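Structure at a glance
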Number of protein chains: 2
Amino acid sequence: MINVQDIEYFNTILGEDRVFTKEGINEDFSHDELGGISKKPEVLLEVQNTEEISKIMKYAYEKGIAVVARGSGTGLVGASVPLEGGIMINMSSMNKILEIDEENLTLTVEPGVLLMDIGKFVEEHDLFYPPDPGEKSATIGGNISTNAGGMRAVKYGVTRDYVRGLELVMPNGDILNVGGKVVKNSSGYSIKDLVCGSEGTLAIITKAILKLLPLPKKSISLLVPFPNLELAIGTVPKIIKSKSIPTAIEFMQREVILSAEEFLGKKFPDNSADAYLLLSFDGNSKEDIEKDYEKVAQICLEEKALDVYIVDTDERKEAVWNARGAFLEAVKASTTEMDECDVVVPRNKVAEFIKYTNELQKQFSIRIRSFGHAGDGNLHIYVLKDDLSEEKWNNKLKEIFNCMYQKAMDLDGLVSGEHGIGFAKKNYMFKQYGEEYIALMRNIKTAFDPKNILNPQKVCE
Amino acid sequence: MINVQDIEYFNTILGEDRVFTKEGINEDFSHDELGGISKKPEVLLEVQNTEEISKIMKYAYEKGIAVVARGSGTGLVGASVPLEGGIMINMSSMNKILEIDEENLTLTVEPGVLLMDIGKFVEEHDLFYPPDPGEKSATIGGNISTNAGGMRAVKYGVTRDYVRGLELVMPNGDILNVGGKVVKNSSGYSIKDLVCGSEGTLAIITKAILKLLPLPKKSISLLVPFPNLELAIGTVPKIIKSKSIPTAIEFMQREVILSAEEFLGKKFPDNSADAYLLLSFDGNSKEDIEKDYEKVAQICLEEKALDVYIVDTDERKEAVWNARGAFLEAVKASTTEMDECDVVVPRNKVAEFIKYTNELQKQFSIRIRSFGHAGDGNLHIYVLKDDLSEEKWNNKLKEIFNCMYQKAMDLDGLVSGEHGIGFAKKNYMFKQYGEEYIALMRNIKTAFDPKNILNPQKVCE
């Protein structure tokens, strides 16, 4: 329990205007984007620099107070909910881009910088930060913490692949620099790679050095309608096998497109087919990418695509990708409550998994919507509550989730592709990994945080 | 101390013909490619599968016997030397390529497969395993254990970036599967990324799932002579900044080329200049890469390159890259003994570092040779003993290494880019990282190996 003395100490470090308690704490800080789990911190601290965080952690470590660091709160697994009350550190004011280094192709940022701001900034320098998760208002600290992937993972990989170095505040307040601007590193255990994806349980990220690439000069998208989803998704392994690797391969169904049209009040270029693949290609000249997309278009047509629309004007691109970006919000707006499953399976198992969720939909008489990254095997499957009673909803959801995670396991998939484990997905991960694996994770947690004060009850705890 | 009972137990698991002791153990197994440190194991066990290793580890864990796993023994930091005697597990018979999956673009291999065999095999399938360390007779298990980088890291990254999943035998004999064929993964702490680069101290790698790319259809190299090394290396940041990223940028000096000519008994295409950059470009068509290399050639000429040779015939390519591949052996053959420093610095600091080693050469009156990966900041610097007495050599080497590692630190570099820490570089890493960082690594080691039986005295121990 936080007491008056604690608050006084925080006031001396931060000043009273950056220390919030009780009604002074906005309700937003009690939850992320996942429904059904919320708790307010006892004290909310708005920090501006690494030293402040170090002092807070030293104090919390000594007193054994739980601490959760929070960015934009756009998570979907409850990872930033302060389950034990205690201290919440609001990182969002640490949002400065510190340096762009064009000789080393790196960008150094504070953790509260928003993903959308990074994209804009580096493109002005003709450079490119490839990871492209759908939620652009997430912070980079949050993206690193869940090892977010996004749409371009097919060609470019995930967030971890673009983190070269981190500044960390450890649970005991020590400040550690791991990695750096260097391209190669074989200097001891890779703490950097371990902290990426650790959802704020091992250390607080206070600075990141990101790897950039030259900005591809041209991009083009293909929108490919198919008679049904199975044909659409069944085409993906054939595309991969063709060795013409697109930047992104997304799949979508008519129902989701209709929801997005309604949500945005804008028409999608085509909504006549049952299922679509949306592919993008990038490169440095039109000719470069033409060869690739012509080959892929040909494969789609051989696999019974109804047509292939080339999306090459800015206007069309915006219409298509804006709709894609709005899917999550649109599906959410179409129901009373929803929960999601973010499994990842080998790319050639996507079709089988989606077919299975369609069966579940019928079996449980519930609406299930899905869209996602067909090209990298990461699915986002939404189960919708609609007008179900709370009790029925909870029971059905539990059963459906059990079925889906079991299926993912059977297909050699994993519990989460990019949204993480947080609090909500722990049991599914425990079940898949088994005792020894979880015991090892707990040992690692203890190696960083022997008093278990940093984001307790998350991931493996 | 291994006793008769232990040997009997190993005989029952493996059969007597795969259990070696005393004079039955070839002297090769007492050392790697680093001079000055050697020790024979008490028993050498030749294993054929994961279950055998699991049984050995269970037994060793119970009895507290030290175990070292060894591949080809091509390391340069003593990481595979069994400093405490005990058990050595020879992994080199586990050398089967298990599966190529063209729909998921993955290759599943046993750890004893040689790097050269992987390259050959996947290219027959029109696929590409990008990591390209100089030592092609290293095993993939060894490459993963040091997170080897190689020449193509400039464009393609390092070994860790191409490991999707691992099967591990833990120090207590448990078998763990981490990662998989999946492209994205946010399912708990990334054990896979931590084991990559851990030099056999955390777990024994018994299987690896590697990521492949489509094989680029064309490649071309440029050999660019410069009046001196500073001009050559000073050009590299300008190339990176131009956003035409080559696949590889190597630098070499005349003396090293002459050694290689002598060693190979073959002429290098040009040996008239003091210093060279060797660049390679790859892509899917000649036109694709022409644009890039023309731009880079222009930059080189502006930076006072003496000429630009295009290396596009197979014959020329072989001459140049064979010579590059023989540098290490050629330098080694030119002296009595040598030791090396494998620092990595930010790419725009390479010139400053090399200039400094030239000063050291004069200051200490000793031969220092260097070549390496100018494009990714990873330098290989060889200090040569020549006719120095053992005592003088040891003293000079110590002083020179202290100077070089201090300089790397001052330039925000790290102790090792790709050869690892092993036994030989521990003190330099300890000095750079400081107590808290090393304590954290030791905690991680304990999380995996509470009895400290797996490759003891290495990396952080």
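Residues numbered from 1 in each chain as written. Chains lettered and ligands numbered in written order. Predicted model: local features only at pLDDT ≥ 70, side-chain atom pairs only at ≥ 80, totals over all residues. Heavy atoms only, no water.

Section: the overall build of chain A
As a reminder, the rule being used: Only DSSP runs of H or I with at least four residues qualify as helices, and only runs of E with at least two residues qualify as strands; both kinds are numbered from the N terminus onward. Atoms considered for the radius of gyration are the C-alpha atoms alone. The globule rule reads 2.2 Å times the number of residues to the power 0.38. Only heavy atoms matter for contacts: two residues are in contact if any of them lie within 4.5 Å across the pair. Note on charges: Lys and Arg go in the positive column, Asp and Glu in the negative column, and His and the chain ends are not counted at all. By convention, the charge on Lys lies at NZ, on Arg at CZ, on Asp at CG and on Glu at CD.
When helices and strands are counted, chain A shows 14 helices and 18 strands. A globule of 461 residues ought to have a C-alpha radius of gyration of about 23 Å, and chain A, at 23 Å, matches this closely. For the C-alpha atoms alone, the extent of chain A along its principal axes is close to 70 × 60 × 45 Å. Partitioning the contacts of chain A with sequence separation of at least 6, the portion at a separation of at least 24 is 72%. Distance from the positive charge centre (54 side chains) to the negative charge centre (71 side chains) of chain A: 3 Å.

Quick notes on the packing of aromatic side chains
Selection rule: Pairing of aromatic side chains requires ring centres within 6.5 Å, counting the rings of Phe and Tyr and the six-membered ring of Trp. Pairs whose planes differ by under 30 degrees are stacked, by over 60 edge-to-face, and all others tilted. Each residue gets one of three labels from its accessible area relative to the maximum for its type: buried under 20%, exposed over 50%, partly exposed in between, using a 1.4 Å probe on protein chains only. Only when the NZ atom of a Lys or the CZ atom of an Arg is both within 6 Å of the ring centre and within 35 degrees of the ring normal do we say a charge sits over the ring.
Scanning the entire structure with this criterion turns up 26 aromatic pairs over all chains. For the pair B:Phe401 and B:Tyr405, a centre-to-centre distance of 5.7 Å together with 85° between the ring planes defines the contact as edge-to-face. A residue pair is termed a helical-turn pair when its members lie 3 or 4 positions apart in one helix, as B:Phe401 and B:Tyr405 do in helix α13 (residues 390-410) at 4 residues. When sorted by exposure, B:Phe401 lands in the same class as B:Tyr405, which is buried. Seen in terms of ring centroids, B:Tyr433 and B:Tyr437 are 3.9 Å apart; in terms of plane orientation they differ by 10°. Their pairing is stacked. In this pair, B:Tyr433 and B:Tyr437 are both assigned in helix α14 (residues 426-448), 4 residues apart and thus about one turn of the helix distant. Summarising the burial analysis for this pair, B:Tyr433 and B:Tyr437 share the class buried. Linked through ring pairs, A:Tyr9, A:Phe10 and A:Tyr59 together constitute an aromatic cluster. Over the ring of A:Tyr356 we find A:Lys407, and its NZ or CZ is 5.1 Å from the ring centre.

Some thoughts on the UniProt feature "domain: FAD-binding PCMH-type" (unreviewed entry) in chain A
We apply this condition: UniProt positions are given in the numbering used here, feature names are shortened, and annotations may be inferred rather than shown by experiment.
UniProt annotation of "domain: FAD-binding PCMH-type" (unreviewed entry) refers to residues 36-215 of chain A when read in the numbering used here. What you have in residues 36-215 of chain A is 22% helix and 25% strand, and the ends, taken at the C-alpha atoms, are 41 Å apart.

Description of the sheet that holds strand β1 (residues 19-21) of chain A
All names here are of chain A. Going by this rule: DSSP bridges decide pairing: two strands pair if at least two such bridges lie between them. For helices, the fitted axis covers only the stretch in contact; all axes are lines through C-alpha atoms, and the angles between them, taken along N-to-C directions, range from 0 to 180 degrees.
Overall, mixed pairing links the 4 strands, which are arranged β1-β2-β4-β3 in an open sheet. Taken across any chain shown, the strands that pair with only one partner, and hence form the sheet edges, are β1 and β3 (67-70). For this sheet, the mean angle separating the axes of adjacent strands, direction not counted, is 20°. Pairing between β3 and strand β4 (residues 87-90): 4 bridges, direction parallel. Bridge assignment links Ala69 to a residue of β4, and that residue is Ile89. Helix-sheet contacts for helix α2 (residues 50-63) involve β2 (43-46), β3 and β4, and the interaxial angle to β4 is about 170°.

Quick word on the relation of the copies chain B and chain A
Selection rule: When the copies are superposed, the least-squares fit draws on C-alpha atoms of residues that have pLDDT of at least 70 in both.
Mapping chain B onto chain A calls for a screw motion: a turn of 180° about the axis and a shift of 0.0 Å along it, with 0.0 Å RMSD after fitting. One copy is carried onto the other by what is essentially a two-fold rotation axis. When the interface residues of chain B are mapped onto chain A, 100% of them again lie at the interface, so the same face is used by both copies.

Overview of the pairing of strand β10 (residues 204-211) of chain A
Residue and element names in this part refer to chain A. Within β10, 7 of the 8 residues are buried, which leaves the element mostly enclosed by the surrounding structure. Strand direction decides the pairing type here: strand β8 (residues 163-169) and β10, joined by 6 bridges, are antiparallel. Within the sheet, the bridge partner assigned to Val169 lies in β10 and is Ile204.

What to know about helix α11 (residues 314-333) of chain B
Residue and element names in this part refer to chain B. Applied cut-off: Helices are assigned an expected span. That span is 1.5 Å times one less than the residue count. Values of bend correspond, residue by residue, to the angle between axes fitted over the seven residues ending at that residue and the seven starting there.
For α11, with 20 residues, the first-to-last C-alpha span of 27 Å sits near the 28 Å given by 1.5 Å per residue. Of all the bends in α11, the largest measures some 50° and sits at Phe327. Regarding α11, the residues found buried are Lys317, Val320, Ala323, Arg324, Ala326, Phe327, Ala330 and Val331.

A closer look at the nonpolar core
For clarity, the threshold we go by: The set of buried Ala, Val, Leu, Ile, Met, Phe, Trp, Tyr and Cys residues whose side-chain atoms join them within 4.5 Å is what this entry labels a nonpolar core.
Counting residues in each nonpolar core, the largest one holds 197 residues, and the members touching the most others are A:Phe448 and B:Phe448. Not counting residues within four places of it along the chain, the set of residues in contact with A:Phe448 comprises A:Met170, A:Pro171, A:Ile191, A:Leu194, A:Val195, A:Leu202, B:Leu440 and B:Ile444.

With respect to the interface of chain B and chain A
Condition: Put simply, buried area is how much 1.4 Å-probe accessible surface two parts lose in total, over both of them, once they are put together. Here, a salt bridge means any side-chain nitrogen of Lys or Arg that lies within 4 Å of a carboxyl oxygen of Asp or Glu. Any N or O atom pair separated by 3.5 Å or less is treated as a polar contact, with the protein-specific requirement of one donor-capable and one acceptor-capable atom, and with residues adjacent in sequence counted only for side-chain atom pairs. Polar here means any residue other than Ala, Val, Leu, Ile, Met, Phe, Trp, Tyr, Cys and Pro, which are nonpolar, and Asp, Glu, Lys and Arg, which are charged; Gly is therefore polar.
The interface is formed by 81 residues belonging to chain B together with 81 residues belonging to chain A. Carbon and sulfur atoms supply 58% of the area buried between chain B and chain A, which totals about 6600 Å² over both sides. The largest contributions to the chain B side of the interface with chain A come from B:Lys184, B:Tyr189 and B:Lys243, which together make up 15% of the buried area. On the surface where chain B and chain A come into contact, there are 8 salt bridges. With a shortest N-O distance of 3.6 Å, A:Lys243 and B:Glu102 are connected by a salt bridge. Taken together, the connections running from chain B to chain A amount to 36 residue pairs in polar contact (both at pLDDT 80 or more). Contributing elements (two or more residues each) for the side of chain B that touches chain A: β9 (175-179), α6 (191-195), α8 (236-241), α10 (286-302) and α14 of chain B. For the side of chain B that touches chain A, the leading source of residues is α14(B), giving 11 residues. The class makeup of the residues in the side of chain B that touches chain A is 33 nonpolar, 26 polar and 22 charged.

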